[in-house]
Amino acid sequence: MKRLCCGILMSVLFLTGCSSLKVLDPKGTVAELQLNLFQISIAIMLLVFFIVFSMFVYFTWKYRETPERRGFTPSYVKGNKKMEVTWTVIPILLLTILAVPTVKGTFSLAHSDEKSENPLEIEVTGHQYWWEVHYPDQDITLTNEAYIPVDQPVVFHLKSDDVIHSFWVPKLGGKKDLIPGKNNTLTLNASEEGVYKGQCAELCGASHSFMRFKIHAVGENQFNQWKDKKSKEKAPENLTPAAEKGKKIFISKCLSCHAVSPAERSEGPNLAGFSDKERIGNVVKNTDENVEKWIKDPSSFKPDINMPGFPDLTEEDLHALSEYLSRLEE
Ligand code: CUA
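The rules we used
- Each chain has its residues counted from 1, running along the sequence as written.
- With the structure being a predicted model, the display of local features is reserved for residues of pLDDT at least 70 and the display and counting of side-chain atom pairs for 80 or more, all residues being used for whole-chain, interface and lining totals.
- To get the side-chain values, take all heavy atoms of the structure and skip hydrogens and water.
- Nonpolar core, defined: a set of buried Ala, Val, Leu, Ile, Met, Phe, Trp, Tyr and Cys residues in which side-chain atoms within 4.5 Å join the residues together.
- Accessibility here uses a 1.4 Å probe with only protein chains present; expressed as a share of the type maximum, an area under 20% marks a residue as buried, one over 50% as exposed, and anything in between as partly exposed.
- Secondary structure elements follow DSSP: runs of H or I no shorter than four residues count as helices, runs of E no shorter than two count as strands, and numbering proceeds from the N terminus.
- Here a residue-residue contact requires only that any non-hydrogen atoms of the pair lie within 4.5 Å.
- Every case where a carboxyl oxygen of Asp or Glu lies within 4 Å of a side-chain nitrogen of Lys or Arg is listed as a salt bridge.
- Of the grid points, spaced at 1 Å and generated over the protein atoms alone, those admitting a 1.4 Å probe that cannot get out make up cavities, while open sets with protein on both sides within 12 Å along at least five of seven lines make up pockets; any residue with an atom within 4 Å of a point is treated as lining.
- Grid points are joined across faces, edges and corners, and a volume is the space filled by probe spheres set on the points.
- Domain ranges listed in this record stem from an automatic or a database domain assignment.
- What qualifies as a polar contact is a pair of N or O atoms within 3.5 Å, subject to a donor-acceptor requirement within protein and to the restriction that residues adjacent in sequence count only when both atoms come from side chains.
- When residues are grouped by polarity, Ala, Val, Leu, Ile, Met, Phe, Trp, Tyr, Cys and Pro land in nonpolar, Asp, Glu, Lys and Arg in charged, and all others, Gly among them, in polar.
- Here an angle of 0 to 180 degrees is reported between the N-to-C directions of two axes, which are lines fitted to C-alpha atoms, with helices fitted over the stretch in contact.
- For classification, angles of less than 35 degrees are called roughly parallel, those exceeding 145 degrees roughly antiparallel, those between 65 and 115 degrees roughly perpendicular, and all remaining angles oblique.
- At least two DSSP bridges between two strands are needed for those strands to be called paired.

So, the nonpolar core
- Core analysis: the largest hydrophobic core is formed by 34 residues, its most contacted members being Ile122, Tyr135, Ile148, Phe156, Phe167 and Ile215.
- In terms of residue count, strand 10 (residues 212-218) provides more of this core than any other element does, four residues in total.
- Excluding its chain neighbours within four sequence positions, the residues that come into contact with Ile148 are Leu120, Ile122, Val154, Phe156, Leu172, Ala190, Ile215, His216, Ala217, Val218 and Phe223.
- One finds Ala243, Leu271, Phe310 and Leu313 within the second-largest nonpolar core, a separate group that totals 25 residues.

Here is the structure:
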């Protein structure tokens, strides 16, 4: 028994504790509305559950077999209008109570991108296995992160480059799919400054779990400063000889897929600010050693990745490349 309890406890911890994605902790208007709907539904369902279950327990006990009742045959009862009306009307009432706020809330959320005034537009494209975040008005492109101002509606235009992904930032609101050939929109609004974690919520391949991202919600002034700084950010200059050599290799081997300044778009992840990323491709710690291993064989870290390996590069070339990448600062 003790072992069973331990097992259950461990699996509960495993399923909930490890995830830093916190659900039911709204930090924006959309997530708040969704939590309210969730609470109403749970309250009604719990009410029904307790009434039905109490009656079940009570009647099971009341009409249990006793020595006096052994051999008892109940009389045949055919129909009871009152009871039939009761158990038809009550569910209709409950479903109506449940339906009104749900339909109202769902429709208001579905059309919130048309209603919101002066929204910030962001294009999010899902790739196996990373996110391209593009600000069309500011011409800024980021990888696996977005900056948004608080208290301003943000319309995310969701697209996919390959398979179906799903954009989910639990603290800001529910998920929406990114479907190839379709432009879905999701309007979110952060009411508090903070960093909100997101995750692809649709099994999209072997490295689906690495499709994480962060949304930085900042004050309006801070957001404008960030925007100005980003749009001026250029590829690094004044490089050390090693980094200069790395740049040359980068241009010949990597530039066809990777851009190095936020003003450019590329087929693969934009590597601007790479040295400030905590992890490479959301997988391993961003150290020189790991960068070199990654370039040699990325699929050993991230299965099914589209980036090819470069096993022919020499140790010296790899050092030079990682030296150059370490100069890509924010
Ligand atoms: Cu993309 Cu899961």
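A few points about the pattern of salt bridges
- Counted under the stated rule, the structure contains 12 salt bridges.
- The partner of Lys230 in a salt bridge is Glu233, and the shortest N-O contact between them spans 3.4 Å.
- Within this structure, Lys22, Asp25, Lys27 and Lys171 form a network of salt bridges that share partners.

Thoughts on the layout of surface pockets
- The volume enclosed by the second largest pocket comes to roughly 330 Å³.
- Lining the second largest pocket are Leu47, Val48, Ile51, Val52, Met55, Met83, Thr86, Trp87, Ile90, Pro91 and Leu94.
- Elements supplying a minimum of two residues to the lining of the second largest pocket: helix 2 (29-62) and helix 3 (81-110).
- Broken down by element, the residue count for the lining of the second largest pocket peaks at six residues, all from helix 3.

What about the domain arrangement of the chain?
- Assigned domains of the chain: these are domain 1 (20-232) and domain 2 (241-325).
- Distance between the C-alpha centres of domain 1 and domain 2: 36 Å.
- The interface is formed by 20 residues belonging to domain 1 together with 20 residues belonging to domain 2.
- Viewed at the interface, domain 2 and domain 1 are joined by 10 residue pairs in polar contact (both at pLDDT 80 or more).
- Classifying every residue of the side of domain 1 that touches domain 2 by side-chain character gives six nonpolar, seven polar and seven charged.

Here's the deal with the packing of helix 6 (residues 241-253) against helix 8 (residues 315-325)
- It is at 7 Å that the axes of helix 6 and helix 8 come closest, and there the two elements cross at 100°. Relative to helix 8, the element helix 6 lies roughly perpendicular. Contacts from Ala242, Ala243, Lys245, Gly246, Lys247, Ile249 and Phe250 in helix 6 reach Glu316, Asp317, Ala320, Leu321, Glu323, Tyr324 and Leu325 in helix 8.
- When grouped by side-chain class, the residues that make up the contact of helix 6 with helix 8 number eight nonpolar, one polar and five charged.

Brief notes about the sheet that holds strand 6 (residues 165-169)
- Across the sheet, five strands lie side by side as 4-10-9-6-7; this open sheet has mixed pairing. For this open sheet the edge positions go to strand 4 (145-149) and strand 7 (173-178), each flanked by a neighbour on one side alone. Taking the axes of each pair of neighbouring strands and ignoring which way they run, one obtains an average angle of 25° across the sheet.
- Bridge count for strand 6 against strand 7 is four bridges, and the pairing is antiparallel. Looking at the pairing, Ser166 lines up with Asp177 of strand 7.
- The strands touched by helix 5 (residues 220-232) within the sheet are strand 4 and strand 10, with strand 4 carrying the most contacts at an inclination of about 135°.

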